[in-house]
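Residue-level structural notes
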Protein chains: 2
Amino acid sequence: MGTMFISYLHHSTDLLYRAKALSVRAQKETKYKIRITYGGQNQITSILKGWLAGQKAMLVTTPTVNNLYGKAIAKALQNAGIDLSLKELDCTEESKTLSQAERVCAWAQEVGIDRKGVLVSLGGGVCMDIVTVAASLIHRGIKYLRVPTTLIGLVDAGIGIKGAVNFGNAKNYLGCYSPPSKVLIAPLFLRTLSEERLREGFAEILKIALVRDGALFELIENDGLALIDSRFEDLSVSAKLILQYSIFTMIDELKSNIYEDQTYERSVDFGHTFSPTIEVETQYKLSHGQAVSIDIALSTVLAHHFGLIQIEYRDRILSLMKRLGLPIYTRKLTATLCKKSLLRASSYRGGHPNLVLPTDKGKSYFVKDAALIDDEILDESIRVLAEVDE
Amino acid sequence: MGTMFISYLHHSTDLLYRAKALSVRAQKETKYKIRITYGGQNQITSILKGWLAGQKAMLVTTPTVNNLYGKAIAKALQNAGIDLSLKELDCTEESKTLSQAERVCAWAQEVGIDRKGVLVSLGGGVCMDIVTVAASLIHRGIKYLRVPTTLIGLVDAGIGIKGAVNFGNAKNYLGCYSPPSKVLIAPLFLRTLSEERLREGFAEILKIALVRDGALFELIENDGLALIDSRFEDLSVSAKLILQYSIFTMIDELKSNIYEDQTYERSVDFGHTFSPTIEVETQYKLSHGQAVSIDIALSTVLAHHFGLIQIEYRDRILSLMKRLGLPIYTRKLTATLCKKSLLRASSYRGGHPNLVLPTDKGKSYFVKDAALIDDEILDESIRVLAEVDE
C-alpha cells in the first residue's frame, strides 16, 4: 500500500483544490403502465393476480368499496395463491390525515411488508392519496398499485403520481410525488357509484374538455347525461371515447410536467384555483368534484369577461353543467374567498396565480396578474352564476 | 368545433386500440452541491446567507448545537436580513420518530413556509434524518439544506439524499430519498464534538478506507489518533486529506446508485449489515457509529476467515481500531443476532445478504450466500473479537 499512498499524496494539492465545489448529479426514471379494462370482476382479479404474483401484498380499501368489491377480490386473489392481506380504512376528506397514512404503515409492518412488498389502493381519491403517502414512506418507497373506483379516480386522481394528506388547516399540505408501479382503470366500478359522485367525476372530464379539446366537449354535450343515467353501464363507443379521451389527455398533460417542476402553467389546474379554498371554507361539505365544478363555472364567466370566449359559448357551458347536475354556485363564493385563492395559488405557482381560463378554441389561457381580477369583476361574475343557478 | 369532432371520430378505432396499454415515462434530475469550508462561524454564516437570500427559512437544530452555534448563526442571518425562524428539536435515536417529523411540519406551517420556503438542518445524523423526512413531505417536497455538525454527518450521513425515522421496532422503517438543495461541510463544528462522537465518525471513515482505498487506511494509521485528540483543530494537510478523501469517495459511491435502485452490491454497506440489529437490540445504548464499528471488526475477522485478507492485516485493522478507541465487541454480539441481521439484510438487498467484506487490496467482496456464514464461523469470529477486546 506504500506506493498507493505516495502516488496519492502527489495528487493531494489537486484534491484540495477541487474541494471548493463538489456536485452530485443523477437521473431517476419514472415509468409505469396504465391498463384500461372493460371486463368484469373476474377480469380485474385476473389482471391483479398477474401483477401481484410472488409478492407479499396488502390491499387497502374503503368500507363501502370493501363490501361491494374488496372482500370478493381479496378472496379471489388469496384463493389464487396471492399472499394478500385486506385492510379497511375510513376514507373521507376529513380523515385524509397523516395519522391515517401512519396507520397504513403500521398495518404494513404488522403483516410483514418488506422492500419487495406491494400495497394496493382500491377506492377513490382519498384512499389513493393515503396509500400513496404510506407507500412512499415505507422502506423509503415500496411498490403500490392504483385501482380507482370513482370517476374522478379513473380519469384524474388515479392516473398521476401525487399523494397528499391534509394538515392543520391546509389541504394537501403534506405529500409526495411517488409513481405507482401500475394503474388499473376499470369502468365496472362506476356501476355502483352514486349519481352524485359520477357528477363529481364529470367535472374533471369537463375540465379537460374545456381547456384541452373542444371535441370532447361536444361528446359530453351529446351523451353526458345518458352516461350518468346509465352509470357507464352501456359502454357504447361514445362512453369509451369520453373515458379514454379524458385519460389520454390527462396522461399527455402529466408526461410533460409530472413532477410539476417544468412549468407553473398547467392546463389541468383549470378548476383548481378557487376550489381548494371552497373545499376548506365549506369544511369539505362540498366535495372536491363539486368545488371544482363551481371553479370551472366561475372561470368560464371570467373567460367571457376577458373576451376569451363568446357569451353564447359561456352560456352553452353553464347550461350543460346545469343539465348534468354539476353545481355552478354556492353562497360561500365571495370576492374575498376568490382573492384568498389567487394568493394561495400564487404561492404554489411560482409567484403568479396562473388562473386557467378556457378559450373558444378549447385551449388554456393563464392569467398571471392577480390585480386584473379585482373585486368588481369577481362580484359581477359571482352575480352571473347566482342568477343562472336560480 | 364540428370538424374537430368528425376528424376525431375518424381516429376513434385507433384510439380504442391503443388503449390496451398506456405508459408514462419521465426523468427526474437530482442535482446538488456540496461545499467544504475550513472557515469559522462568520464564513459559515456568510455562505448560508448567500444560499438563503430572498427565501423564507426555518433552521432546525438540536439543544446542544443550538447553544454552541444555532442561536449565534440564526441571529447573524436574521441581522443580515434573512427571514429565518429558529427551532430546537430533541434529536436522539429514540426520538427519531414520525411524530418528530410531524412536529417540524407543524412548525413550518406555523411560520408560513410555502413552496419556495427552505428548511435548514444544523446537527447530527438524527437531526438531518428528521428534517429530510419533513422537508420531503411539506408541499410534496420543499428545498432544504444540510449543515452536519458531527463527523458522521460530515463524511457520511450529511452527504447523501436519504432521510428516515424509526417506526414500531424497526430502524428507519419510514423514510424517503429526497436530495438536499445544498450541503455545507464545515470541520469547525468538530472542535466542540465529544471524543466519543468523533470516534463514531472515524468508524465511517474507516469503512471507506477498508473497502474503497487502502491509502486512506494508511493516513488514518499515521494521523488518526492525533486528529481525534486535536478534534481536527489543527487542520493539517493530513486532516484535510482524510476528511476530503472520505467525502470524495462517499460521493463517488453515491453517484452511481443514489436511489439504491441500480445494484444491491454497495461498498458503503460495509459495517451496516450487523449494526442495525446491534443498535436495535441494545435499545440504541450503542450509538450508530459504535455499532458500525463492531460490525467492521466482525466483518474484518470474517474476511480473514474467508481468506480475503492476511492475518497480519486483520490484526493491524483491529489494533488500529483499539488504538482509536473504536469498540470491536459487545456481549450482545451473538451468532443468533448475526443470522437475524443477515436475514434482515437479505430482505433489503434483493434476496441476498450481500455482506460486505474487505480485501487486501482495499476493495469490497460481497458474500451472497448466507449459508456460508454458519454458527460455527460466527461463534469463532465473535470469540476472536472478545479475546482481542480484553
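Quick note: structure is the one above.
In this report, the structure presented in the accompanying data block is examined. Going along each chain's sequence as written, the residues are numbered from 1 onward. Working convention: letters from A go to chains and numbers from 1 go to ligands, in the order in which they are written. Since the coordinates come from a predicted model, pLDDT governs what is reported: local features require at least 70, and pairs of side-chain atoms require 80 or more to be given and counted, while whole-chain, interface and lining totals use all residues. As a convention, hydrogens and water are excluded, and side-chain values are obtained from all of the structure's heavy atoms.

1. Some details on helix α3 (residues 41–52) of chain B
Residues and elements named next belong to chain B. For α3, with 12 residues, the first-to-last C-alpha span of 16 Å sits near the 16 Å given by 1.5 Å per residue. Only protein chains enter the accessibility calculation, which uses a 1.4 Å probe; a residue is then buried when its area is under 20% of its type maximum, exposed when over 50%, and partly exposed in between. What counts as a helix is a DSSP run of H or I of at least four residues, what counts as a strand is a run of E of at least two, and both are numbered from the N terminus. Every buried residue of α3 is listed here: Ile44, Thr45, Ile47, Leu48, Trp51 and Leu52. Looking straight down α3, one finds that the buried residues subtend no more than 165 degrees of arc, so they occupy a single side. Of the exposed residues in α3, those oriented more than 90 degrees away from the buried face are Asn42 and Gly50. Count one or two residues on from α3 and you reach Gly54, which has phi positive near 80 degrees. A helix's residues, less one, multiplied by 1.5 Å, set its expected span. Summarising the geometry, the arc corresponds to the directions from the helix axis toward the C-beta atoms.

2. Focus: the packing of aromatic side chains
Residues and elements named next belong to chain B. We call Phe, Tyr and Trp rings a pair once their centres come within 6.5 Å, taking the six-membered ring for Trp, and we label the pair stacked below 30 degrees between planes, edge-to-face above 60, and tilted otherwise. A complete count under the given rule lists 10 aromatic pairs over all chains for this structure. Between the aromatic rings of Phe202 and Phe232, the centroid separation amounts to 6.1 Å while the plane-to-plane angle is 40 degrees, which identifies the pairing as tilted. With Phe202 in helix α8 (residues 195–212) and Phe232 in the loop between α9 (214–230) and α10 (237–255), this pair connects stretches of sequence that are 30 residues apart. Like Phe202, the residue Phe232 is buried in the burial classification. Both rings, one in Phe217 and one in Tyr313, keep their centres 5.5 Å apart while their planes meet at 85 degrees; by these two values the pair is edge-to-face. Note that Phe217 is positioned in helix α9 and Tyr313 in helix α13 (residues 311–323), a separation of 96 residues in sequence. Tyr313 matches Phe217 in its accessibility class, with the two residues each being buried.

3. Comments concerning the relation of the copies chain B and chain A
Least squares is used to superpose the copies, and the fit set is the C-alpha atoms of residues whose pLDDT is at least 70 in both copies. Least-squares fitting of chain B to chain A yields an RMSD of 0.0 Å, with the superposition described by an axial translation of 0.0 Å and a rotation of 180 degrees. What the rotation and shift describe, once combined, is the action of a two-fold rotation axis. No C-alpha of chain B lies nearer the rotation axis than that of Lys28 of chain B, which sits 2.5 Å from it. The contact criterion used throughout is that any non-hydrogen atoms of two residues lie within 4.5 Å. The residues that chain B uses at the interface reappear at the interface of chain A in 99% of cases, marking a shared surface.

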